[in-house]
Amino acid sequence: MRERWWAGLWLLCFLAAAASGQQQCVWYGVCHTDDNAYHTKQNCLNNTQPLPLRNVSMDLKLRKLCPNFYQSEDHPKLCCNHEQVDVFDQNMATPRSALARCPSCFRNFVELWCQSTCAPIQRDFLRVEATVPVNASSPQGPKYITEIDYFLSDDYKYGMYNACKNVQFPSANKRAIGLLCGGDASTCTADSWLHYLGSRSGNELVPFQINFKTGNDSTVKVNGTGCPTPATTRM
């Protein structure tokens, strides 16, 4: 039986943060586009309070990708705007195809990015490490983010990996995790997978450097709130 207890944990934290006024973003909107083959986009540094998503088509996309956000209210306040949701949806196209044979694997994988992209308690588990001015001639003006730390529990890291490590790629007789790990599936571990997913130098699809910080503690304490990270789908 599949039991998604991560949904309940995250929802409790979401409600507690909402009640105490602790919701805060580290980014909001898109400020920069790379001049590369993939035109990867960087988010704007912004410590704003989360806001409702005011775009019907993007709201429908996010509901499909991240249904947890809509469990307690129909128009939740989030740390992403319509442009970020559109980029997120496009970025999930390859994983959606590669992991299609295992819904629980795909759900865990997507949830990793739901939280970082839009969670209203973003500041509790993301820490900005580097930024660049949008306008080089105005260093004190708006900035876009080029590096973050993402704090994640070991439970989630290994749960996501174990759910996905044996999923077969639909169009080939090989494991899908090899494609998503940047090499041979036989050499892909939970740590090397996260490293590739966040490596700006090793993966051209990564829009900014993501340093995954994992540990045995199942709570996020970047700012002392102790909110749970997404846990894992148990089979």
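What you see as residue numbers is a count from 1 along each chain, following the sequence as written. Thresholds applied to this predicted model are a pLDDT of at least 70 for local features of residues and 80 or more for the giving and counting of side-chain atom pairs; totals over whole chains, interfaces and linings are not thresholded and use all residues. As a convention, hydrogens and water are excluded, and side-chain values are obtained from all of the structure's heavy atoms.

Undergrad: Please set out the nonpolar core residue by residue, giving values where relevant.
TA: In terms of nonpolar packing, the biggest core is built from 53 residues, with Leu62, Leu112 and Trp193 touching the most fellow members. Among the elements of the structure, α2 (56-65), α3 (82-91), α5 (103-118), β6 (143-153), α6 (154-164), α7 (177-181), α8 (190-198) and β7 (209-215) are those that each provide at least two residues to this core. Helix numbers and strand numbers start at the N terminus; a helix is a DSSP run of H or I with at least 4 residues, a strand a run of E with at least 2. Sorting elements by how many residues they give to this core places α5 first, with eight residues. Once residues lying within four places of it in the same chain are set aside, the contact partners of Leu112 are Tyr150, Leu152, Tyr156, Met160, Leu194, Leu197 and Phe212. For the purposes of this section, nonpolar cores are sets of buried Ala, Val, Leu, Ile, Met, Phe, Trp, Tyr and Cys residues that join through side-chain atoms within 4.5 Å. Burial classes: relative accessible area under 20% of the type maximum marks a residue as buried, over 50% as exposed, and values in between as partly exposed (1.4 Å probe, protein chains only). Should any heavy atoms of two residues lie within 4.5 Å, those residues are counted as being in contact.

Undergrad: Describe the packing of α5 against α6, listing the residues and the values that go with them.
TA: Between the N-to-C directions of two axes lies an angle of 0 to 180 degrees, each axis being a line fitted to C-alpha atoms and, for a helix, fitted only over the stretch in contact. Across the interface, α5 lies against α6 with an axial gap of 8 Å and an inter-helix angle of 145°. Where α5 crosses over α6, the handedness of that crossing is left-handed. In this structure, α5 contributes Cys105, Asn108, Phe109, Glu111 and Leu112 to the contact, and α6 contributes Tyr156, Met160, Ala163 and Cys164. Any residue outside Ala, Val, Leu, Ile, Met, Phe, Trp, Tyr, Cys, Pro, Asp, Glu, Lys and Arg is labelled polar, Gly included; the first ten of those are nonpolar and the last four are charged. Here the contact of α5 with α6 is composed, by residue class, of seven nonpolar, one polar and one charged. Helix crossings fall into two classes, left-handed where the near helix is turned counterclockwise from the far one by less than a right angle and right-handed where it is turned clockwise.

Undergrad: Quick one: what's the story with the side chain of Asp149, residue by residue and with numbers?
TA: Within the element layout of this structure, Asp149 appears in strand β6. You can call Asp149 buried: its relative accessible area is 4%. As used in this structure description, the phrase polar contact means that two N or O atoms lie within 3.5 Å; if the pair is within protein, one of them must be able to donate a hydrogen and the other to accept it, and residues adjacent in sequence are counted only when both atoms belong to side chains. At 3.0 Å, the side chain of Asp149 and the side chain of Asn211 are in polar contact. Sequence-distant contacts of Asp149, that is, excluding residues within four places in its chain, are made with Phe125, Leu126, Arg127, Glu129, Asn211 and Lys213.

Undergrad: Quick rundown of α8? Include the residues and the values.
TA: The set of residues buried in α8 consists of Ala190, Trp193, Leu194, Leu197 and Gly198. Buried residues along α8 cover an arc of 120° about the axis, so they all sit on one side. At its buried positions, α8 is contacted by α5, β6, α6, α7 and β7. The directions considered for the arc are those from the helix axis to the C-beta atoms.

Undergrad: Account for the state of the cysteines, naming residues and giving values.
TA: Cysteine pairs can be covalently joined through their sulfur atoms, and such a bond is termed a disulfide. We call a pair of cysteine sulfur atoms a disulfide when they lie within 2.5 Å. Within the structure shown, the criterion is met by six disulfides. Across the disulfide, Cys105 is cross-linked to Cys164 (sulfur-sulfur distance 2.0 Å). Residues Cys105 and Cys164 share a disulfide whose torsion about the S-S bond is about 110°; that sign makes it right-handed. On the criterion of sequence distance, the pair formed by Cys105 in helix α5 and Cys164 in helix α6 is long-range, its members being 59 residues apart. As far as the burial class goes, Cys105 and Cys164 line up, both buried. With its sulfur 2.2 Å from that of its partner, Cys181 forms a disulfide with Cys188. Taking the sign of the torsion about the S-S bond as the criterion, the disulfide between Cys181 and Cys188, at about 90°, is right-handed.

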